[in-house]
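Close look at the chain arrangement
The residues making up each chain are set out below.
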Amino acid sequence: KLRAIYENKEARPFAYFADELVNMSSDEEGAFLRLHEISTYPRRVLIECDMCPVALSRDKNRLGMVTLKKQDYRLLELETASTQEEFLTVAENNIPGWKAFIDGIEAPIFMVNFTYLGIIIPKGDHQIKFIYTYQNIFAYVGELLWKKKK
């Protein structure tokens, strides 16, 4: 049998700084059309958040780097360096149970492109951790039940 491996040279990396943020519309059909539109802009991302920055555009001459240091089923460790505030996108499913930390301080996680993890990174050098635990899921479900009771 003949076997071959193909490389998609246009694929996005596992973790990267977005070139542009676009806040998703609450209109599902409009949001779907925008998701289709971003495929022509490799590092434009859609974020799902009412309280997020309206737009964050990167200087095209910026200097920034993301390095994946460790990856397993419950832990992602990255190092970042940048000369301006950045939006880090990680191609990991954004499901309840993930928590993000920048230099040991918890940071909010945003839904990116309907699927992935995203956080805002201040300029400078930082240690980033994403930690997944079942305890975080239980806390999330408890919070949902508490809100429903009210």
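Look above for the structure.
Within any chain, residue numbers begin from 1 and follow the written order of that chain's sequence. With pLDDT at 70 or above as the cut-off, local features in this predicted model cover only qualifying residues; side-chain atom pairs require 80 or more to be listed or tallied, and sums for whole chains, interfaces and linings still use all residues. Excluding hydrogens and water, the side-chain values take into account all heavy atoms of the structure.

Regarding the overall build of the protein chain
- A count of helices and strands for the protein chain gives 2 helices and 11 strands.
- Three exposure classes are used, based on accessible area relative to the maximum for each residue type with a 1.4 Å probe and protein chains only: buried under 20%, partly exposed in between, and exposed over 50%. Out of the 150 residues in the protein chain, the part that is buried amounts to 33%.
- Note on contacts: a residue pair qualifies if any of its non-hydrogen atoms lie within 4.5 Å across the two residues. Looking at the protein chain alone, contacts between residues at least 24 apart form 68% of all its contacts between residues at least 6 apart.
- All accessibility values rest on the Shrake-Rupley procedure with a 1.4 Å probe; residue burial counts only the protein chains present in the view. Of the accessible surface of the protein chain, which amounts to about 10,400 Å², a share of 54% is contributed by carbon and sulfur atoms. Numbering of helices and strands starts at the N terminus; helices are DSSP runs of H or I of at least 4 residues and strands are runs of E of at least 2.

With respect to the nonpolar core
- Grouped together as the largest cluster of nonpolar side chains are 16 residues, with contacts concentrated most on Leu-76, Leu-88, Val-90, Ile-119, Ile-121, Ile-128 and Phe-130.
- Here Val-90 is in contact with Phe-14, Ala-15, Leu-76, Tyr-116, Leu-117 and Phe-130, once residues within four sequence places are set aside.
- We call a set of buried residues a nonpolar core when its members are Ala, Val, Leu, Ile, Met, Phe, Trp, Tyr or Cys and they connect through side-chain atoms within 4.5 Å of each other. Counting 5 residues, the second-largest nonpolar core is a separate cluster that includes Leu-21, Phe-87, Phe-110 and Val-112.

Observations concerning the packing of aromatic side chains
- Each Phe, Tyr or Trp ring, with Trp reduced to its six-membered ring, pairs with another whose centre is within 6.5 Å; inter-plane angles below 30 degrees give stacked pairs, above 60 give edge-to-face pairs, and intermediate values give tilted ones. Summed over all chains, the structure comprises 2 aromatic pairs.
- With a centroid separation of 5.3 Å and 55 degrees between ring planes, the pair formed by Trp-98 and Tyr-132 is classed as tilted. Pair noted here: Trp-98 is in strand 7 (residues 98-102) and Tyr-132 is in strand 11 (residues 124-132), with a separation of 34 residues, a long-range link. Of the two residues, Trp-98 and Tyr-132, both sit in the buried class.

So, the pairing of strand 7
- Counting buried positions over the 5 residues of strand 7 gives 4, a clear majority of the element.
- When strand 7 meets strand 11, the two strands line up antiparallel, connected through 5 bridges. Paired with Ile-102 across the bridge in strand 11 is Ile-128.
- Examined bridge by bridge, strand 7 and strand 8 (residues 105-107) share 3 bridges and lie antiparallel to one another. Directly across from Ile-102, in strand 8, lies its bridge partner Ile-105.
- Between any two strands, at least two bridges found by DSSP are needed for them to pair. Two successive antiparallel strands, strand 7 and strand 8, enclose a turn made up of 2 residues, where Asp-103 displays a positive phi of approximately 50 degrees.

Considering the pattern of salt bridges
- We define a salt bridge as a side-chain nitrogen of Lys or Arg found within 4 Å of a carboxyl oxygen belonging to Asp or Glu. One pass over the full model with this rule turns up 2 salt bridges.
- Residues Glu-77 and Lys-129 are paired through a salt bridge, measuring 3.9 Å at the closest nitrogen-oxygen approach. Placement of Glu-77 in strand 5 (residues 75-82) and of Lys-129 in strand 11 is noted, with a sequence separation of 52 residues between them.
- By relative accessible area, Glu-77 is classed as partly exposed at 23%.
- Judged by its relative accessible area of 38%, Lys-129 falls in the partly exposed class.
- Close ionic contact of Lys-99 with Glu-106 constitutes a salt bridge, the shortest N to O distance being 3.4 Å.
- For Lys-99, a relative accessible area of 30% puts it in the partly exposed group.

Some details on the environment of Lys-99
- As for its placement among the helices and strands, Lys-99 is situated in strand 7.
- Spatially, the C-alpha atom of Lys-99 lies 6.4 Å from that of Tyr-132, the residues being 33 residues apart in sequence.
- A polar contact of 3.4 Å, which involves the side chain of Lys-99, links it to the side chain of Glu-106. Two N or O atoms form a polar contact when they lie within 3.5 Å of each other; inside protein one atom must be a possible hydrogen donor and the other a possible acceptor, and for residues adjacent in sequence the pair counts only when both atoms belong to side chains.

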